[in-house]
Amino acid sequence: MITLGLREKNGKYTNAGALFAGENDYRGIDLVKFGDNINVMLDRAQIEKVSVLKLCQDALQKYRQYYQNEVIDGAYRRKNE
């Protein structure tokens, strides 16, 4: 981890190491699905104090939930974005 620059020689995490740690003190992200305008929030997820890998995973899950669907076209099923 020292070679990758994620931990210092004294054992403390660097900023990059803290971002990849399972738990940290960083604010994270706020994911919102808006309705007809920005004053209407249909869904909101505040993700904090987790690794950037978990942040990306949760953001992709929300994207797939709201912006990907499957369309049946005759005998075929295809993904639509």
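Below, the structure is looked at part by part.

Calculation criteria
- Residues numbered from 1 in each chain as written.
- Predicted model: local features only at pLDDT ≥ 70, side-chain atom pairs only at ≥ 80, totals over all residues.
- Heavy atoms only, no water.
- Helix = DSSP H or I, 4+ residues; strand = E, 2+ residues; numbered from the N terminus.
- Buried < 20%, exposed > 50% of the residue type's maximum accessible area, 1.4 Å probe, protein only.
- Lys, Arg positive; Asp, Glu negative; His and termini not counted.
- Charge placed at Lys NZ, Arg CZ, Asp CG, Glu CD.
- Phe/Tyr/Trp six-rings, centres within 6.5 Å; stacked < 30°, edge-to-face > 60°.
- Lys NZ or Arg CZ within 6 Å of the ring centre and 35° of its normal.
- Salt bridge = Lys/Arg side-chain N within 4 Å of Asp/Glu carboxyl O.
- Contact = heavy atoms within 4.5 Å.

Before going further, it helps to spend a moment on the overall build of the protein chain. Assigned secondary structure in the protein chain consists of 2 helices and 4 strands. Taken over the C-alpha atoms alone, the protein chain extends approximately 60 × 35 × 15 Å along its principal axes. For the protein chain, the proportion of its 81 residues judged to be buried stands at 15%. The centroid of the 13 positive side-chain charges in the protein chain is displaced by 4 Å from the centroid of its 11 negative side-chain charges.

What follows concerns the packing of aromatic side chains. According to the stated counting rule, one finds 1 aromatic pair in the structure shown. For the cation-ring pair, Arg7 lies above Tyr13, with the distance from its terminal atom to the ring centre recorded as 4.5 Å.

Now for the pattern of salt bridges. One pass over the full model with this rule turns up 4 salt bridges. Across the pair Asp58 and Lys54 runs a salt bridge whose closest N-O atoms are separated by 2.9 Å. Remark: Lys54 and Asp58 occur in helix H2 (residues 52-67); sequence separation between them is 4 residues, near one turn of the helix. Glu70 is the partner of Arg77 in a salt bridge, and the nearest nitrogen-oxygen pair spans 3.5 Å. Taking relative accessible area as the criterion, Glu70 reaches 46% and is therefore assigned partly exposed.

This brings us to the environment of Gly35. Relative to the helices and strands, Gly35 resides in the loop between strand E1 (29-34) and strand E2 (41-47). The exposure class assigned to Gly35 is partly exposed, which follows from its relative accessible area of 28%. Setting aside chain neighbours within four positions, we find Gly35 in contact with Val40 and Leu42.

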